[in-house]
Amino acid sequence: MAQIEGFRIQNYKALKDITLGKLWNTRDEKPLTKLTVVIGKNGSGKSSIFDAFGFISDCLKKGVEEACDERGGFLKIFSKDQDITEGMNFEIYYRESSKDSPITYEFSINLDDNQRPYVSSERLRQRRKGAEKGRPFSFLILNNGTGVVWKGETNGKLINEDEKTLLNLIEQIESEQKNEETNETEVVRLENNRNLAITVLGSLKQHPRITKFRKFIENWYLSYFSPDSARSLPIAGSQKHLNKHGDNLANVVHFMQREHAGRFSNILNKISKKIPGVEKIDTKVSPDGRLLLEFYAQGFDKPFFAQQMSDGTLKFFTYMLLLEDPEPHSLVCIEEPENGLYHKLLEVLAHEFRNYASDEQVDSQVFITTHQPFLVNALNTDEVWILEKQTDGFSTISRVSNNELACSMADSGLPLGELWYSDYLSED
């Protein structure tokens, strides 16, 4: 089961330097759980963590310059008053399956002489099979778009880059390639250093590890769901997956009705039990070719349309639809799912997210940000991280399971949300 076991963010907005979970050089830390929830007050940086995932995804799909420009430019998202030469840095500690050694992916972004963002360095590391200790070997290492990559599923003849400069390493490999027809390494010189190397190399079959990792990131789903978007009237037709805003909700319902009737029936059963009165959900094509989403309520012969339904009903239905996607996303990120929902539905929603993430057939991971204690009540101490803004303006993060007092109180039966509400989870 593919899973992010840890990640680190440096110099991104209010996140000067935070780490969640386990990295290759913090082996004593516990990995992230399949359901990870970050809590914190308004302005603590929860949105920045959420957007960091979106930023990484955009860097892969669009390049680092466009990803920065969509957020106001590099200087807008670079941590205020920090040394710009340190760059903006991201690290993901990832395991393809329980049988595979973890892979570390790191990349840094900086400004060139023309004040345009570019990928200043990029690296993929993995320990060789059977190696439990020591520094992982880099099977991809680039500086400013130039470097080397090792082919295949496993690390071959490796050179410790700590003992040689990158230029000497490239010279040695070029020399070996002249003399050996079956060399496992190749020199990489990207034409455009504003694109990630995994974007380019991940499309080549001779780099299966990079291909798997690229596909893993490409399959992330970040929900920017808006009930107003869900009330739009899309052109009639079926679509497999929800888009990030949810304005194709009716199209996905139409697809699920036709292609996955059993899954759609599961959604209706959950809706009818949790939202009183909703008996049936259907679609209808309007005379002008638009797709209408119809809700049939108990006691009424005629349906209500999405435009007439409450924000909470649309949101709960959309999340249930997302969790029944027949082609699950490798990572699902949802920011503040509580908005507009009845408080008793929040614990239900938390259980649904956990069941989804823990289902081995689904093989997905769920990341949530929230400031709602009722949702936190349904979580355990390993799943929850608390983000706090410090006096210097930057955020720190800690795992609730590392708070002995909180763990003791949770073990005695006190819900985490109530402990947070009473400030027992705070570092202060």
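Residues numbered from 1 in each chain as written. Predicted model: local features only at pLDDT ≥ 70, side-chain atom pairs only at ≥ 80, totals over all residues. Heavy atoms only, no water.

1. Regarding unusual backbone geometry
Then, number 1: With a phi close to 50 degrees, Asn144 is a non-glycine residue in the positive phi region.
Then, number 2: In this structure, Asn144 sits in the loop between β7 (137–143) and β8 (146–150).
Then, number 3: A positive phi angle, near 55 degrees, is found at Asp363, a position not held by glycine.
Then, number 4: Note on placement: Asp363 falls in the loop between α11 (343–358) and β15 (365–370).
Then, number 5: Using a relative accessible area of 26% as the deciding quantity, one classes Asp363 as partly exposed. (Helix = DSSP H or I, 4+ residues; strand = E, 2+ residues; numbered from the N terminus. Buried < 20%, exposed > 50% of the residue type's maximum accessible area, 1.4 Å probe, protein only.)

2. Section: the sheet that holds strand β2 (residues 15–21)
Then, number 1: One open sheet holds the eight strands; their spatial order is β2-β1-β4-β5-β6-β7-β8-β9, and the pairing between them is antiparallel. The strands lining the two open edges of the sheet, one partner per strand, are β2 and β9 (185–189). Ignoring strand direction, the axes of neighbouring strands in this sheet form an average angle of 15 degrees.
Then, number 2: Across five bridges, the pairing between β8 and β9 is antiparallel. Paired with Gly147 across the two strands is Val188, which belongs to β9.
Then, number 3: Docked against the sheet, helix α1 (residues 46–62) engages β1 (3–12), β2, β4 (88–95) and β5 (103–111), running at close to 95 degrees with respect to β1. (Pairing = 2+ DSSP bridges. Axes fitted to C-alpha atoms, helices over the stretch in contact; angles between N-to-C directions. Contact = heavy atoms within 4.5 Å.)

3. Quick notes on the packing of helix α8 (residues 249–259) against helix α10 (residues 311–323)
Then, number 1: At a minimum axis separation of 11 Å, α8 and α10 run at an interaxial angle of 45 degrees. With respect to their mutual orientation, α8 and α10 come out oblique. Between α8 and α10 lies a crossing of left-handed hand. Across the interface between the two elements, Leu249, Val252, Val253 and Met256 from α8 touch Leu314, Phe317, Thr318 and Leu321 from α10.
Then, number 2: Taken together, the residues of the contact of α8 with α10 break down into seven nonpolar, one polar and no charged. (Parallel < 35°, antiparallel > 145°, perpendicular 65-115°, else oblique. Left-handed = near helix turned anticlockwise from the far one by under 90°. Nonpolar A, V, L, I, M, F, W, Y, C, P; charged D, E, K, R; others polar.)

4. A closer look at the packing of α8 against helix α9 (residues 261–274)
Then, number 1: Contact pair α8 / α9: the axes reach a minimum separation of 6 Å and the direction vectors enclose 120 degrees. With respect to their mutual orientation, α8 and α9 come out oblique. On α9, the residues that touch Val253, Met256, Gln257 and Glu259 of α8 are Ala261, Arg263 and Phe264.
Then, number 2: Here the residues of the contact of α8 with α9 are counted per class, giving four nonpolar, one polar and two charged.

Keep in mind that these numbers describe shape and distance, not what the molecule does.
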